[in-house]
Amino acid sequence: TQTFADRVTRVEPSATIAISNLASELEADGVDVVDLSVGEPDFPTPQNVVEAGKQAIDDGHTGYAPSNGIPQLREAIVEKFEADGLSYGTDELIVTPGGKQALFEVFMALLDEDDEVVLFDPAWVSYEAMAKMAGASIERVDLSPYDFQLEPALDELAEVVTDDTSLIVVNSPSNPTGAVFSDAALEGVRDLAVEHDVMALSDEIYQEITYGTDMTSLGSLDGMEGRTITLNGFSKAYSMTGWRLGYVGLPVDLHEQAAKIQSHSVTCATHFVQYAGLEALTNTDEAVAEMRDAFHERRDMLLELFEEHDKDVATPEGAFYMMLPVDDDDQAWCEGAIEDAHVATVPGSAFGTPGYARLSYAASEGRLREAVERLADNDYI
Ligand code: PLP
């Protein structure tokens, strides 16, 4: 019989698959499912970005690009990072086919079997999968229940981070919680990273989607330059999930290693897509603000609807996710909510935090209202 590599067999398939399979089966039977399980904005890509992509094809940018990205985009990213207080040079950037690929390259370049990664729970599912593929071991620290803040978890973090720790992963605004971490919390991470000489990865892919509290880039804190990997991308901020474009800033020696993985695997991010990315980065303030405002209104509406049903939900300060407290058996709750109420959500246990369901409010106000009504009518809230 065929055997497979340990690096893949030790990774579990995503726990969200059961939910999306159920949703697809129902939809195939003609059932109208309100799908709040997806992690992508429901807006079209801004038209000027689409045009820039088309123009780049017409201009013949259809061959290989430089492996680390076209110079114009790299320059624009350096400037964007500078505005966030981050000082990565053009030789410390990789433009990748999606932020996920950037993360994969970093994990593979940095981690071996004897390395230890610290994750905060709930955490986005792919960090664990990538750490496992790299063979690293994982230490998990619980964020505070209900509002999922990092500051209350600093004491526990201090017990977990040692000189043997290789990487701490921070994601603010967070998927799945929408929490934005305070400066004090980030400073706590910084202090431990400096004390134990540990690298930190700051996943800032939801940076543009915050409602009042701007997020701070971890790498902008004193002492973090040279030890911070900053991940960002175009999927969420500019509604460009399917274009597959992301980027990462990383210290030059790590860059050298990670760039080898890019060049020997995907070669480069799609050439003409990078021109669309350049347009997105430099000329979409208005479209980004419109999407942010829409998410903000939906968040407020959802919170109000849950309040009307006496359901206490923490106020997420960013991204487009909300953690709804549900039964301890959140997997059963989510499966039931699809079967009975035809509302698809993701169980918190998929992110290491049972007892919650993650809702994405990247859906119209009408659909969100419908979802809450259905959950209430079927006694799920
Ligand atoms: N990081 C987080 C926290 C995410 O939620 C996602 C997408 O779901 C990504 C990174 C990667 O996004 P992409 O590969 O589309 O850039």
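Residues numbered from 1 in each chain as written. Predicted model: local features only at pLDDT ≥ 70, side-chain atom pairs only at ≥ 80, totals over all residues.

Before going further, it helps to examine the overall build of the chain. Each helix and strand in the chain was counted, giving 13 helices and 12 strands. Taking 21 Å as the expected radius of gyration for a compact globule of 381 residues, we find that the chain reaches 21 Å, a close match to that expectation. Counting only C-alpha atoms, the chain reaches 55 × 55 × 55 Å along its principal axes. The contacts in the chain between residues at least 6 apart in sequence include a share of 76% that link residues at least 24 apart. (Helix = DSSP H or I, 4+ residues; strand = E, 2+ residues; numbered from the N terminus. Rg over C-alpha atoms; globule rule 2.2 N^0.38 Å. Contact = placed C-beta atoms within 7 Å.)

The next thing to look at is helix α12 (residues 330-341). Of all the residues in α12, the buried ones are D330, W333, C334, A337, I338 and A341. Taken down its axis, α12 places every buried residue within 130° of arc, on the same side. Along its buried surface, α12 packs onto α2 (16-28), β10 (343-344), β11 (346-347), β12 (356-360) and α13 (365-377). Just beyond α12, the residue with positive phi is H342, at close to 60°. (Buried ≥ 20, exposed ≤ 12 C-beta atoms within 10 Å, placed from the backbone. Arc of directions from axis to C-beta.)

Time to look at the packing of α2 against α12. Interaxial distance between α2 and α12 falls to 10 Å at its minimum, and their mutual angle equals 10°. In terms of axis orientation, α2 runs roughly parallel to α12. Here I19, L22, A23 and L26 of α2 lie close against α12, whose contacting residues are C334, E335, I338 and E339. Its residues assigned to classes, the contact of α2 with α12 comprises six nonpolar, no polar and two charged. (Axes fitted to C-alpha atoms, helices over the stretch in contact; angles between N-to-C directions. Parallel < 35°, antiparallel > 145°, perpendicular 65-115°, else oblique. Nonpolar A, V, L, I, M, F, W, Y, C, P; charged D, E, K, R; others polar.)

Taken together, 13 residues surround the ligand, and among them G98, G99, K100, G233 and S235 come closest. Its residues assigned to classes, the shell around the ligand comprises two nonpolar, nine polar and two charged. (Near = placed C-beta within 6 Å.)

When the pLDDT values of the chain are averaged, the result is 96; 100% of them are 70 or greater. ipTM for the predicted complex: 0.99, alongside a pTM of 0.97. (pLDDT = per-residue confidence, 0-100.)

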